[in-house]
Amino acid sequence: MTDRLATRFAACKEAGRAALVTFVTAGDPTVTATPAILDALVAGGADIIELGMPFTDPMADGPAIELANLRSLGSGTKTKDIFHLATTFRARHPHTPLVLMGYANPMLIRGSEWFANQCREAGIDGVICVDTPPEEDAEIGPALRAAGVHLIRLATPTTDAARLPTVLDGASGFLYHVAVAGVTGKQQAAQTAVEQAVEKLKAATDLPIAVGFGVRSAEQAAAIGRVADGVVVGSAIVDIIGSHGDAAAPFVQEFVATLSGALKANSPHFRETAA
Amino acid sequence: MTISNSLRSQPDASGHFGSFGGRYVAETLMPLILELEKVYKEAKQDPTFEAEFEELLRSYVGRPNPLYYAGRLTEALRADSPDGKGAKIYLKREELNHTGAHKINNCIGQALLARRMGKKKVIAETGAGQHGVATATVAALFGMECKIFMGAKDVERQKPNVFRMKLLGAEVIPVVSGSQTLKDAMNDALRHWVSNVHDTFYIIGTAAGPHPYPELVRDFQSVIGKEARQQIVEIEGRLPDLLIAPVGGGSNAIGLFHPFLDDVDVKMIGVEAAGEGLTGKHAASLAGGASGILHGNRTYLLQDEDGQITEAHSISAGLDYPGIGPEHSWLHEIGRVQYMPITDDEALASFQKLAALEGIIPALESAHAIASAEKVAPTMDADQIIVVNLSGRGDKDIFTVADALGVEM
């Protein structure tokens, strides 16, 4: 089996630009509305899709994604619906990497092997489990590795040089750099801080580095895309879904296209063409 | 030196009580949690830390509080018991502490740790407001800035405590997310903490959350059991036959139980809130829940088949939480402690009974433990001894009780 994440990061690198990683919550606002929104992300130019697994108590998320979680659960989204969304996405988009992001309890309620096997069968490439640090790797890591699903770890502004090896031990797919000490979608990181952090992470690992938390505009995405291998945008997209509900897909596509365009404009190939 | 077969040597080095406990937090918080663990280990070895803790418990909290023989309650239950039955009931008077509950014991300990770590700001979650008041109190005592996260519904239900916290200089932040109660207050406290890790200490109110919180909260609350043990030996010349304490997160219960865990002849009952009954809305995580991960630890939780957390209900705001401390989950699984559900109605009846018979208005949380004692004492011999943890006073609950009884105030 080809590794979709590795293939996509390599292709983006070849094109001289950062990968665009976009987040939406599965089932927001409804399970029936989600496929069109996922298609809009791809059509807008997203390279990698993070699909949020809703949870009643998303304590690492800011208001935007928390509301998305509650909209999804409020409309009746079940775990089986999420894997169905992933399975049908994989059939429509055989090459676009899909990462499931969420909290430990909904992932592990039926056991880690069940979860890992569901991920593999649904064509999910990686998992980000927000509230399972390396210290609790035994809960989820071994099962994902056995199923050939990447466990994507997070590095944060509080992850110092002494701790970084612990985070990297068992990390795969890519490394997600959380740019601000905080919850999703609230503060913005200073560009210099992002640059310094990415530089340190690159010195410590060969994994691609994707930067997220607080990235809301094309300008910010472009700035971060000049140093990182990937740029993650979540809350800004989720806000569009919050405003437009079932009719959000075209608005999502339009916004994602501006992000994608900004990243592509960084590419030397683009500059040559434009010249 | 820890004896390997002791029940008092938990958690293990990684913070687990059997399969429960652990550290399930976002990476941003991990370095701080690890630092707290280190600082707490050092503090435990430092005689000046313990001396200061004990002195504040004595001169500020008012410890030791009494172990009181509830003679009229005991006799009233004997009157309805078979001949020779009806155990003696003692009450551990935590409600006589400054701020009216056991919560202050833990807050003093954590504030000392915060100061040791150089943190000038503290935050806390609160349900009924008791832990919020206790945290605001120690923040005033230590000259720290204090923010209290409280569900918007609870802010409305517990106005006197909200005003108390404000008088004590705390900022009360109403939480409008989710069910707007204790669990959502904890979510928002965690969100604030993750955004302010560099200068903020989170004073968790119960023996739950990521390691080392369940351990250190238990240790600070163990003063309850240590005192009770000494007092009952002084009064009766022997250990009690049974300990009873209410369990929400379970800090007062683990504080009473822990010093007795290796005394095989001392039985223990933790009382869960059965709300409207186990088939209806309740807060009994052990009786009606399953193992899961929330708020930093693996423990029993009320949840659906997809692992979504379901809303808890109890007439007692302090028990109105869908989880329980991890050490209780472990003690339940190994069978060392029996956990008994008590309904809203049973607690309400005991609330009134204790007031009428002993002149003590218990917190609704504590009334659950009294109700359990009323069930169990008549099945025990008259020369047996029960110690009930009267964890808090009931002044805060008079509006709730009046409302439940249909009384206009």
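Residues numbered from 1 in each chain as written. Chains lettered and ligands numbered in written order. Predicted model: local features only at pLDDT ≥ 70, side-chain atom pairs only at ≥ 80, totals over all residues. Heavy atoms only, no water.

### Focus on the interface of chain A and chain B
A common way to express how large an interface is: the accessible area buried when the components associate. Listed per partner, the contact involves 37 residues of chain A and 35 residues of chain B. Both faces considered, chain A and chain B share a buried interface measuring about 2900 Å² in area, 48% of it formed by carbon and sulfur atoms. Seen at the junction of chain A and chain B, the total is 7 salt bridges. Among the ionic pairs, Arg298(B) bridges to Glu139(A), the shortest N-O distance being 2.7 Å. Between the two partners, chain A and chain B, sit 24 residue pairs in polar contact (both at pLDDT 80 or more). Of all elements in the fold, only helix H3 (63–74), helix H5 (104–108) and strand E6 (153–155) of chain A reach the threshold of two or more residues within the side of chain A that touches chain B. By residue number, the principal contributor to the side of chain A that touches chain B is H5(A), which donates 4 residues. When grouped by side-chain class, the residues that make up the side of chain A that touches chain B number 18 nonpolar, 9 polar and 10 charged. (Contact = heavy atoms within 4.5 Å. Buried area = accessible area lost by both parts, 1.4 Å probe. Salt bridge = Lys/Arg side-chain N within 4 Å of Asp/Glu carboxyl O. Polar contact = N/O pair within 3.5 Å; in protein donor to acceptor, adjacent residues only side chain to side chain. Helix = DSSP H or I, 4+ residues; strand = E, 2+ residues; numbered from the N terminus. Nonpolar A, V, L, I, M, F, W, Y, C, P; charged D, E, K, R; others polar.)

### Details of a nonpolar patch on the surface
All names here are of chain B. A contiguous nonpolar surface patch, about 560 Å² in accessible area, is contributed by Ile361, Ile398, Phe399, Leu405, Val407 and Met409. Relative to the elements of secondary structure, Ile398 occurs in helix H16 (residues 398–405). Under the relative-accessibility criterion, Ile398 is labelled partly exposed at 35%. (Patch = residues over 30% accessible without salt bridge, like charges linked within 9 Å, V, L, I, M, F, W, Y side chains within 5 Å. Areas by Shrake-Rupley, 256 points an atom, 1.4 Å probe, with all protein chains shown as cover. Buried < 20%, exposed > 50% of the residue type's maximum accessible area, 1.4 Å probe, protein only.)

### Structural notes on the pairing of strand E12 (residues 296–301) of chain B
All names here are of chain B. Counting buried positions over the 6 residues of E12 gives 6, a clear majority of the element. One ladder, built from 5 bridges, connects strand E11 (residues 290–294) with E12; its direction is antiparallel. Its bridge partner being in E12, Leu294 is matched across the sheet by Asn297. The loop that links E11 with its antiparallel partner E12 comprises 1 residue; one of these, His295, has a positive phi angle of about 50°. (Pairing = 2+ DSSP bridges.)

### Remarks on the packing of helix H11 (residues 235–244) of chain A against helix H12 (residues 249–265) of chain A
Residue and element names in this part refer to chain A. Running from N to C, H11 and H12 cross one another at 155°; their axes reach a closest spacing of 9 Å. As judged from the angle between their axes, H11 and H12 are roughly antiparallel. Note that H11 runs across H12; the crossing there is right-handed. Every residue of H12 that contacts H11 at Ala236, Ile237, Ile240, Ile241 and His244 is listed here: Phe251, Val252, Phe255 and Val256. Class assignment for the residues of the contact of H11 with H12 results in 8 nonpolar, 1 polar and no charged. (Axes fitted to C-alpha atoms, helices over the stretch in contact; angles between N-to-C directions. Parallel < 35°, antiparallel > 145°, perpendicular 65-115°, else oblique. Left-handed = near helix turned anticlockwise from the far one by under 90°.)

### Examining the environment of Ile203(B)
Residue and element names in this part refer to chain B. Take Ile203: it is sitting in the loop between strand E8 (200–202) and helix H9 (213–221). Measuring from C-alpha to C-alpha, the distance between Ile203 and Leu141 comes to 15 Å, with 62 residues separating the pair along the chain. Contacts of Ile203, omitting those with residues within four sequence positions, involve Cys107, Gln110, Ala111, Val122, Ile123, Ala124, Glu125, His131, Thr135 and Val138.

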